[in-house]
Amino acid sequence: MSHRKFSAPRHGSLAFLPRKRCRHQRGRIRAFPKGKEADSPKLSAFMGYKAGNTHILREVKRPFSKLNNKEAVEAVTIVECPPVVVVGIVGYVETPQGLRALTTVWAQHLSDECRRRFYKNWYRSKKKAFKKHAMRNYPDGKDVSVDDHPIQQKLKKLEKYCAVIRVIAHTQINLVGLRQRKAHVMEIQVVNGTPTQRVAFAYNLLEKKVTVASVFSENETIDVIGVTKGKGMEGVVTRWGVTRLPRKTHRGLRKVACIGAWHPARVSYSVARAGQNGYHHRTEKNKKIYRVGTGVNSAKKEEEKDLGGNASTEADPSTKSITPMGGFPHYGVVNEDFLMLKGSVIGPRKRLITLRHSLIKSTKRVASEEIGLKFIDTSSKMGHGRFQTSKEKELYLAPIRK
């Protein structure tokens, strides 16, 4: 026995204090990755909705590993990512106190799902948000490309003074099968290139749809930010993982026996106490992208729309969509573009997930490994699924009598 901290370490981490309910449901990006001036500008983040889980079969390509050239079954999470719409540009000036917003350029047309975000009660409101802004900054008959136009003056201001350029984008929540109509809005930083190139890149995206395939690619590692599944009020054994007291303990055994000394006459912050568990803001680093899938609705060919073969592989050429038979439990059908991420993702189904380019790139061999999928499971997730497609089920079972 060298020291008590090794023989009997404390239970639970103090790194995530305070363990309280998050004030917002959308995962917030506290830091964006740094870009290079030599590279072309691009967006550094995206938003999606957690649909559910399935499993895949793949052949591991990892030289000098015991798993090399062997098949492995792994769990994956499907995140539905309909295209986001860029509606604004905001520039920040670096000051000794941090970043300060200098000016914002808004698009002429904002959809109702975006404008709902600016109201507490859309039904009772007058629905006039950004009407005066459009009349003032986009007068009828005036060309926006003219130098004396107020929008062009703001863009020049952004190019001259701002070190950080971000676009304001919102999700198309009406494309996802949720009851909510209010879109989620966030700022996404433009990385790489000079300030002039970043402003031009952002201005070209105004009122346009940005797909997830233009931001992320397969075999890439990304950071996943979101709010975990809420558990409510829970005791110390579940919340902190402390040891239960002996069976005959008076007044309960799922407790902390000693909560501190007489003096100082207060309970220390480091003592495990009962309280809120779950619904915390968390970031998972370096999640591997196994597939950037094209949605059935956004498929280019009519054949792909009819068949929906976005879950097919070379080894399994049967035409099937990523949605399992009967749909994802408590979510439904995935019709839009999606990301397939390795392992689990924080939060319950339907939760908004913020996806960001890795802040700290992983140097492990697993992170640089190329993924070759052999099989994607699309059987029913409501029980012990047997059939991959409805056609397969029809061929196996006898025809139903009418």
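Residues numbered from 1 in each chain as written. Predicted model: local features only at pLDDT ≥ 70, side-chain atom pairs only at ≥ 80, totals over all residues. Heavy atoms only, no water.

### A closer look at the overall build of the chain
Our working definition: Runs of E in the DSSP output that reach at least two residues are strands. Runs of H or I that reach at least four are helices, and both are numbered from the N terminus. Summary of the burial criterion: residues with accessible area below 20% of their type's maximum are buried, those above 50% are exposed, and those between are partly exposed, where the area comes from a 1.4 Å probe applied to protein chains only. The contact criterion used throughout is that any non-hydrogen atoms of two residues lie within 4.5 Å. Surface exposure here means Shrake-Rupley accessible area, sampled with a 1.4 Å probe, where a residue is shielded only by the protein chains that are shown. By the counting scheme adopted, Arg and Lys are positive, Glu and Asp are negative, and His together with the chain ends is not counted. Charged groups are reduced to one reference atom each: NZ for lysine, CZ for arginine, CG for aspartic acid, CD for glutamic acid.
Across its full length, the chain holds nine helices and 15 strands. Along the three orthogonal principal directions, the C-alpha set of the chain runs to about 85 × 75 × 55 Å. A buried classification covers 43% of the 402 residues belonging to the chain. If you take every contact in the chain between residues at least 6 apart in sequence, the share linking residues at least 24 apart comes to 75%. Within the structure as shown, the chain displays about 24000 Å² of accessible surface, and the carbon and sulfur contribution to it stands at 51%. Distance between charge centres in the chain, computed from 78 positive and 34 negative side chains, equals 15 Å.

### Overview of the pairing of strand S5 (residues 98-106)
This is how it is decided: At least two bridges found by DSSP between two strands is the condition for calling them paired.
When strand S4 (residues 84-95) meets S5, the two strands line up antiparallel, connected through eight bridges. By the bridge assignment, Val90 is partnered in S5 with Thr104. The hairpin turn running from S4 into S5, its antiparallel successor, is two residues long.

### So, the nonpolar core
Cut-off, in case you're wondering: Joining through side-chain atoms within 4.5 Å is the link that ties buried Ala, Val, Leu, Ile, Met, Phe, Trp, Tyr and Cys residues into a set, and such a set is a nonpolar core.
One finds Phe216, Leu339, Met340, Leu341 and Leu355 to be the most contacted residues of the largest nonpolar core, which totals 74 residues. Considering each element in turn, this core owes the most residues, eight residues, to S4. Ranked by size, the runner-up nonpolar core spans five residues in total, among them Val236, Trp240, Val242 and Ala272.

### Focus: helix H4 (residues 150-161)
We apply this condition: Here the expected span of a helix is defined as 1.5 Å times the quantity of residues minus one. Picture the helix axis, draw a direction to every C-beta atom, and the arc is the one those directions span.
With 12 residues, H4 ought to run about 16 Å at 1.5 Å a step, and its terminal C-alpha atoms sit 17 Å apart, in line with that. Those residues of H4 lying buried are Ile151, Gln152, Leu155 and Leu158. Projected down its long axis, H4 carries its buried residues within an arc of 115°, all on one side. Close packing links the buried residues of H4 with S4, S5, helix H3 (131-137), strand S6 (164-170) and helix H5 (195-204).

### Details of the pattern of salt bridges
What counts here: Counted as salt bridges are all cases of a side-chain nitrogen of Lys or Arg within 4 Å of a carboxyl oxygen of Asp or Glu.
With the rule as written, the count across this model stands at 12 salt bridges. In this structure, Arg166 and Glu187 form a salt bridge, with 3.4 Å as the shortest nitrogen-oxygen distance. With Arg166 in strand S6 and Glu187 in strand S7 (residues 185-191), the pair connects residues that are 21 residues apart, well separated along the chain. Between Asp377 and Lys381 there is a salt bridge; the shortest N-O distance is 2.5 Å.

### Details of the environment of Tyr119
By the element assignment, Tyr119 lies in the loop between helix H2 (112-115) and H3. When the C-alpha positions of Tyr119 and Tyr396 are compared, they lie 53 Å apart, and in sequence the two are 277 residues distant. Residues in contact with Tyr119, not counting those within four places in the same chain, are Ser125, Lys127, Lys128, Ala129 and Lys182.

### Topic: the side chain of His184
Among the structural elements, His184 can be located in the loop between S6 and S7. Classification of His184 by relative accessible area gives buried; the value is 10%. Beyond its immediate stretch of four places on either side in the chain, His184 contacts Met47, Tyr49, Arg117, Ala169, His170, Thr171, Ile173 and Leu352.

### Examining H5
For H5, the complete set of buried residues consists of Arg198, Val199 and Ala202. With its buried residues spanning 100° around the axis, H5 presents them on a single face. Buried residues belonging to H5 abut S4, H4, S6 and S7.

### Examining unusual backbone geometry
For the bond running from Leu17 to Pro18, omega is -5°, close enough to zero to count as cis. Mapped onto the fold, Pro18 is located in the loop between helix H1 (4-7) and strand S1 (42-43). Of note, the bond from His263 into Pro264 is cis; its omega dihedral lies within 30 degrees of zero at 5°. Mapped onto the elements, Pro264 comes out in the loop between helix H6 (236-240) and strand S11 (275-277). Despite not being glycine, Asn69 shows a phi value in the positive range, around 60°.

### Considering the side chain of Arg58
Test applied: Each polar contact in these results corresponds to two N or O atoms within 3.5 Å; when the atoms are within protein, one needs to be able to donate a hydrogen and the other to accept it, and residues that are neighboring in sequence are counted only if both atoms are side-chain atoms.
Inspection of the secondary structure assignment puts Arg58 in strand S2 (residues 45-59). At 3.4 Å, the side chain of Arg58 and the side chain of Tyr290 are in polar contact. At a separation of 2.9 Å, a polar atom in the side chain of Arg58 contacts the side chain of Glu369. Not counting residues up to four positions away in its chain, the partners in contact with Arg58 are Lys70, Glu71, Ala72, Glu74, Tyr290, Glu369, Ile371, Gly372, Leu373 and Lys374.

### Side note on the packing of aromatic side chains
Let me state the cut-off plainly: Two rings from Phe, Tyr or Trp (for Trp, the six-membered ring) form a pair when their centres are within 6.5 Å of each other. A pair whose planes differ by under 30 degrees is stacked, one over 60 is edge-to-face, and the rest are tilted. By definition here, charges over rings are those cases where NZ of Lys or CZ of Arg is within 6 Å of the ring centre and within 35 degrees of the ring normal.
The tally for this structure, following the rule as stated, stands at five aromatic pairs. For the ring pair Phe387 and Tyr396, a centre distance of 5.5 Å and an interplane angle of 50° mean the geometry is tilted. Note on Phe387: relative accessible area 13%, which makes it buried. Overall, Tyr396 belongs to the exposed group, its relative accessible area being 52%. Put simply, the rings of Trp106, Phe118 and Phe130 pair up and form one aromatic cluster. Above the face of the Tyr279 ring, Arg21 is positioned so that its terminal group lies 4.5 Å from the ring centre. One residue, Lys127, lies across the ring of Trp122, its end atom 5.4 Å from the ring centre.

### What to know about the pairing of S4
Among the 12 residues of S4, 10 are classified as buried, and the element is accordingly described as predominantly covered. Inspection of the sheet shows S4 paired to strand S8 (residues 209-210) by two bridges, in the antiparallel sense. Bridge pairing in S8 links Val84 to Val210. Where S4 lies against S6, seven bridges are found, and the strand directions are antiparallel.

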